[in-house]
Amino acid sequence: MAKNLLIVESPAKAKTIEGYLGKDFTVKSSYGHIRDLVKSEDAIDIAHNFEQKYEIPADKKQIVSELKKLAKEAEMVWLASDEDREGEAISWHLYETLGLKETNTKRIVFHEITKPAILRAIDNPRTINYNLVNAQQARRVLDRLVGFELSPVLWKKVKPSLSAGRVQSVAVRLIVDREREVNKFQSEAAFRVVAIFGKGRESFKAELGERFDKQEDAEKFLQDCAAAIFNINSLETKPAKRAPAAPFTTSTLQQEASRKLGFSVSRTMTVAQRLYESGKITYMRTDSVNLSDTALNAAAQEINSAYGAQYHQLRKYKTKSASAQEAHEAIRPTYFNEHTTDGEPAEKRLYELIWKRAIASQMSEAQFERTVAKIGISTRSEELVANGEVMKFDGFLKVYLESVDEDEDNQQDGDNAILPPLTKGQQLSLTDMTATERFSRPPARYTEASLVKKLEELGIGRPSTYAPTISTIQNRGYVVKEEREGKQRNFRVLTLKNGAITQVEKTETTGAEKGKMFPTDIGAVVNDFLVQHFNGIVDFHFTANVEKQFDDIAQGLEEWTKMIRKFYDPFHKEVESTILNADRASGERELGVHPVSGKKMSVRIGRYGPFVQIGESDDEDKVYASLRAGQMIETISLEEALELFKLPKKAGVFEDKDMTVAIGKFGPYIRHNSAFYSLPKGIDPLEVSEDQAIEIILEKRKKDAEKLMKTFDENPDMKILNGRWGPYIEFGKLNVKIPKGKEPLELTYDECKALADAMEKEPKKAGAKKFAKKK
DNA sequence: CAGTGAGCGAGCTTCCGCTTGACTT
């Protein structure tokens, strides 16, 4: 029996630490929080100082009873949860739940999982910091109060099952706001002038600083240039340098993995989790850019041996984020001498990205020589400018270059061009000159990763919640991640060559988007409702303001119940008056009048989504049509709305085959007898041929057949199927996992029935229960 | 869930953060 029980939050951490400590220590993990507020309304007693009711969730019962047993047997319990608000609360919950005493409990903290750091922590124990615990309680209670009072307002005024919260509602607001900026953006065209001088390998590019709004002006400029002599007016060469970026935090890892590897935010976290669990990287949910001394030494050694001492530069980074809690290290490889790793391709690619970024962060600056040549035009007062850059020392660029988001206008190309040898006063020969019509671009829509970046800047959300938040707002139907086709646009190009000017018209695609976040109608309606009635909560600075107050609580400067009271009373009054006074929100917008009948045309959100209505609501003969993918209440035009009525509801009917194609609640589908088959995306329901429909049906049946492993004569409702995660029994509404060790094909009907009955009686897993209920 | 968009009402939904497994149109 070990004398000491040490409890951390993560099992992978527990394993590592157990290796550092001797036989006297048993190291266990709490798997995060072990208690939470009860689900019901009475979790917080508002009249009695916001007293809370906690419960141990079903999936934590086992671990808690195991910890209880071990704690009883141990002489000393060391609470080693993270050193931040949540970690302190975890220690407190453990203290309360495990029935610990002050005499046999010590609280320790460390920021890095290295042997010296752990031993140092054990030599410097403290007691639970109740101020910090109180700050966490305030955070937890505030989030529950906001979420569980606002959401029901939405159920009443907009639609059931919707949700609102301190974090998710701001995330939605950012996306709605951005969409409106994009929609109202007026792009402006201007002619950009680029000249090519010299021939072959000696040729280089120069650009005019200003642009011409009018074609005549651009043309006049080219004309003037046709007869001009070009001389180098000035030539300036300056050294320049570039420093590496800090090692990854959760948010920067998500951004880079999105840009460089095309990973979604949740994929990045899943892959990183696997790397962490196999001991290849440090903890992946962190807001710290700090590296441990052990890591700094290991990186230095690796850089020296792999690249040479001139490539090493010791660097210590400081966080720029005011909300950072820095309970962990930055994300880095556990062993710097492992440049790569085995495993799945995704793991390998993410590992290499983490390795490169961490190594580069300890490398020297890259050095350049930048040359700016200004070129005079004998017939004009403007100058053309040529930029050249020569790398003198690659430094950190030997391993890693951070990428940037494709947005924010002025993305100049060709900035790394190499200029031929030039001298001041030198006369240049013009090869050609073009004036190309360019358009200003609207602000970029958010990707998952750029949304995380923005939330982090606003101090909203935490490394552990960025990915779940993005899932939530999509699951609620507030936003969608989509591809959208662009539009064709013409632009003019004027070319001056051999003294003559020619004009051509070219076409480009504009506004095409891939993997960007778009608001839905319901997202926009909910957002507008919240902005109108609860502006304080969805204000971008709300979190930052309450965080300041949580900090005061953590420092013992304020009582947490007082702070919550000050917030809650006026907030609750707003909730009540909104329930009483606010109109139902449907996003209704009048489109105008129907060109033939003269009846009112309007769009709004209905029970089954957004639709157009012709006629007043109390008209007997009003008619409706659903909006189609990509259309929004805010932007649909009267003409587009009229088009919807030309689409027959029954898109296609195939005679004598009991088969129809139609557009239903959930999009276009084929119905064959009583079976439904949804149409794959990209197929127009109006264009589906009978052959195509049959093919789609056969395809789906083939897929279903592949899944089917066994049926039973006793009862056609009992089937054994092969699902994504292995074989399972389907019996009516129930799905039952086949226990390990059983050969699915050898199961008899009675055995299956017994398993199904057991599941029905006592659904052990929460997921199975939910699933059974949903069906 | 599948060809509708009235209103009523029972009984349901919902937050953010900390962790891993479990997940089956």
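Residues numbered from 1 in each chain as written. Chains lettered and ligands numbered in written order. Predicted model: local features only at pLDDT ≥ 70, side-chain atom pairs only at ≥ 80, totals over all residues. Heavy atoms only, no water.

Even after reading the chapter, I still don't get the packing of helix H5 (residues 130-157) against helix H17 (residues 560-581), so can you show me in this structure?
The geometry of a pair of packed helices is captured by two quantities: the angle between their axes and the separation between those axes. The N-to-C vectors of H5 and H17 enclose an angle of 0°; their axes lie 11 Å apart at closest approach. Between H5 and H17, the crossing angle belongs to the class labelled roughly parallel. Residue-level inspection shows Asn134, Gln137, Ala138, Val141, Leu142, Leu145, Val146, Glu149, Leu150, Val153, Lys156 and Lys157 of H5 in contact with H17, the latter providing Trp560, Met563, Ile564, Phe567, Tyr568, Phe571, His572, Val575, Thr578 and Ile579. Counted by class, the contact of H5 with H17 contains 15 nonpolar, four polar and three charged residues. (Axes fitted to C-alpha atoms, helices over the stretch in contact; angles between N-to-C directions. Helix = DSSP H or I, 4+ residues; strand = E, 2+ residues; numbered from the N terminus. Parallel < 35°, antiparallel > 145°, perpendicular 65-115°, else oblique. Contact = heavy atoms within 4.5 Å. Nonpolar A, V, L, I, M, F, W, Y, C, P; charged D, E, K, R; others polar.)

Would you explain the confidence of the model for chain A in this entry?
Parts of the model with low pLDDT should not have their predicted coordinates read in detail. Mean pLDDT over chain A stands at 89; residues scoring 70 or higher make up 89%. Of the regions scoring below 50 in pLDDT, residues 408-414 engages in six contacts with residues more than four places distant in sequence or in other chains. (pLDDT = per-residue confidence, 0-100.)

Looking at this structure, I do not really get the sheet that holds strand S2 (residues 25-29). What am I missing?
Pairing between sheet strands relies on hydrogen bonds along the backbone, with the strands arranged either parallel or antiparallel. Strand order in the open sheet made by the four strands is S2-S1-S7-S8, with parallel pairing throughout. Strands at the two margins of the open sheet, each flanked by one partner only, are S2 and strand S8 (105-107). Taken over all neighbouring pairs, the strand axes of this sheet differ in orientation by 20° on average, direction set aside. As defined by bridge partners, strand S1 (residues 4-8) adjoins S2 across five bridges and the pair is classed as parallel. Counted as the bridge partner of Leu5 is Thr26 from S2. Running at roughly 160° to S2, helix H2 (residues 61-73) makes contact with S1, S2 and strand S7 (76-79) of the sheet. (Pairing = 2+ DSSP bridges.)

Please explain helix H6 (residues 168-184) as it appears in this structure.
Along an α-helix, residues three or four apart share an orientation, since each turn contains 3.6 residues. With 17 residues, H6 extends 25 Å from end C-alpha to end C-alpha; this agrees with the ideal 24 Å at 1.5 Å per step. In terms of burial, H6 is a largely internal element, 12 of the 17 residues being buried. Here H6 has its buried residues at Gln168, Ser169, Val170, Ala171, Val172, Arg173, Leu174, Ile175, Val176, Arg178, Glu179 and Val182. For H6, the secondary structure elements touched by its buried residues are helix H12 (448-457), helix H13 (466-475), strand S16 (479-484), strand S19 (513-519), helix H14 (521-533) and helix H15 (535-538). (Expected span 1.5 Å × (residues − 1). Buried < 20%, exposed > 50% of the residue type's maximum accessible area, 1.4 Å probe, protein only.)

In this structure, what is going on with the environment of Phe204? I would like to understand it.
In this fold, Phe204 is placed in strand S10 (residues 204-208). Once residues lying within four places of it in the same chain are set aside, the contact partners of Phe204 are Ala195, Ile196, Phe197, Ile375, Ala386, Leu419, Pro420, Leu422 and Leu428.

Where do I start with a negative patch on the surface in this structure?
Together, Glu188, Asp213, Glu216 and Asp217 give the surface a local cluster of negative charge. Its location among the elements puts Asp217 in helix H7 (residues 215-226). (Patch = residues over 30% accessible without salt bridge, like charges linked within 9 Å, V, L, I, M, F, W, Y side chains within 5 Å. Areas by Shrake-Rupley, 256 points an atom, 1.4 Å probe, with all protein chains shown as cover. Salt bridge = Lys/Arg side-chain N within 4 Å of Asp/Glu carboxyl O. Lys, Arg positive; Asp, Glu negative; His and termini not counted. Charge placed at Lys NZ, Arg CZ, Asp CG, Glu CD.)

Which parts of the structure should I look at to understand the sheet that holds strand S23 (residues 623-626)?
Read across the sheet, four strands follow the order S20-S21-S22-S23 without closing on themselves; strand pairing throughout is antiparallel. If you trace the sheet from one side to the other, it starts and ends with strand S20 (589-593) and S23, each paired once. Neighbour-to-neighbour, the strand axes of this sheet turn through a mean angle of 25°, independent of strand direction. The pairing of strand S21 (residues 600-606) with strand S22 (residues 609-614) spans six bridges and is antiparallel. Across the sheet, residue Gly606 finds its bridge partner in S22, namely Gly609. Across the face of the sheet, helix H18 (residues 638-646) comes into contact with S20, S21, S22 and S23 while running at roughly 100° to S23.

Looking at this model, I keep getting lost on the nonpolar core. Mind explaining?
One broad trend across soluble globular proteins is that nonpolar side chains are buried collectively. Formed by 133 residues in total, the largest nonpolar core has its most connected members in Leu154, Ile281, Leu350, Leu451, Phe534 and Ile564. Looking at this core, the element that brings in the most residues is H5, giving 10 residues. One finds Phe204, Leu384, Ala386 and Leu422 within the second-largest nonpolar core, a separate group that totals 27 residues. (Core = buried A, V, L, I, M, F, W, Y, C linked by side-chain atoms within 4.5 Å.)

What am I meant to see in H13 here?
By the burial criterion, the buried members of H13 are Tyr466, Ala467, Thr469, Ile470 and Ile473. Relative to the axis of H13, the buried residues are bounded by an arc of 165° and lie together on one face. In the segment just after H13, Gly477 is the residue with positive phi, at about 80°. (Arc of directions from axis to C-beta.)

Just to check I follow, could you spell out the pairing of strand S12 (residues 366-377) for this structure?
Within a regular beta strand, the side chains point alternately toward one face of the sheet and then the other, so they alternate between its two faces. Relative to S12, strand S11 (residues 230-242) runs antiparallel, the two being bridged by 12 bridges. Paired with Ala240 across the bridge in S12 is Phe368. In the sheet, S12 pairs with strand S13 (residues 383-393) via 10 bridges, with the strands oriented antiparallel. Paired with Ile375 across the bridge in S13 is Leu384. The hairpin turn running from S12 into S13, its antiparallel successor, is five residues long.

Is there a simple way to think about the packing of aromatic side chains in this case?
For any pair of aromatic rings, the description consists of the separation of the ring centres together with the inter-plane angle of the planes. This model, assessed by the stated rule, comprises 13 aromatic pairs. A centroid spacing of 6.5 Å and a plane angle of 75° characterise the contact between Tyr54 and Trp92, whose relative ring orientation is edge-to-face. Highlighted residues: Tyr54 in strand S6 (residues 54-55) and Trp92 in helix H3 (residues 85-97), separated in sequence by 38 residues. Aromatic pair Phe212 and Phe221: ring centres 5.4 Å apart, planes at 45°, arrangement tilted. Classification of Phe212 as buried rests on a relative accessible area of 9%. Grouping aromatic residues by their ring pairs yields a cluster made of Phe534, Phe542, Phe567 and Phe571. (Phe/Tyr/Trp six-rings, centres within 6.5 Å; stacked < 30°, edge-to-face > 60°.)

How do you make sense of the pattern of salt bridges when you look at a structure like this?
Two side chains of opposite charge can pair, provided their charged atoms sit close to one another. Evaluation of the coordinates by the stated rule reveals 42 salt bridges. For the salt bridge of Arg192 with Glu207, the shortest nitrogen-to-oxygen distance reads 3.0 Å. Placement of the pair is Arg192 in strand S9 (residues 189-197) and Glu207 in strand S10, with a sequence separation of 15 residues. As far as burial versus exposure is concerned, Arg192 and Glu207 are alike and both buried. Close ionic contact of Glu344 with Arg274 constitutes a salt bridge, the shortest N to O distance being 3.5 Å. On the criterion of sequence distance, the pair formed by Glu344 in the loop between helix H10 (293-306) and helix H11 (345-360) and Arg274 in helix H9 (residues 265-277) is long-range, its members being 70 residues apart. You can call Arg274 partly exposed: its relative accessible area is 32%. Within the structure, one salt-bridge network assembled from shared partners comprises Glu86, Arg139, Asp143 and Arg166.

Explain the UniProt feature "active site" (unreviewed entry) in chain A here, please?
Annotation from UniProt places "active site" (unreviewed entry) at Tyr283. For Tyr283, the position within the fold is in the loop between H9 and H10. (UniProt positions renumbered as here; feature names shortened; annotations may be inferred.)

Hey, could you run me through the packing of helix H8 (residues 250-261) against H12 in this one?
For the pair H8 and H12, interaxial distance at closest approach is 8 Å and the crossing angle is 155°. Judged by the inter-axis angle, H8 sits roughly antiparallel to H12. Between H8 and H12 the crossing geometry is left-handed. Facing H8, whose interface residues are Ser251, Gln254, Gln255 and Ser258, H12 presents Ala449, Val452, Lys453 and Glu456. Classifying every residue of the contact of H8 with H12 gives two nonpolar, four polar and two charged. (Left-handed = near helix turned anticlockwise from the far one by under 90°.)

Honestly, the side chain of Glu513 in this entry has me stumped. Any pointers?
Summarising the element assignment, Glu513 is placed in strand S19. The exposure class of Glu513 is buried, given its relative accessible area of 14%. Within the local environment of Glu513, its side chain forms a polar contact with the side chain of Arg445, the two groups lying 3.0 Å apart. If we skip the residues at most four places from it in the chain, Glu513 touches Arg445, Glu482, Glu483, Arg484 and Phe518. (Polar contact = N/O pair within 3.5 Å; in protein donor to acceptor, adjacent residues only side chain to side chain.)

When you look at the environment of Tyr317 in this model, what are you seeing that I'm missing?
Mapped onto the elements of the fold, Tyr317 is located in the loop between H10 and H11. Along the backbone, Tyr317 and Ala330 are 13 residues apart, and their C-alpha atoms lie at a distance of 9.9 Å. Engagement of the side chain of Tyr317 in a polar contact is seen with the backbone oxygen of Ser361, the distance being 2.8 Å.

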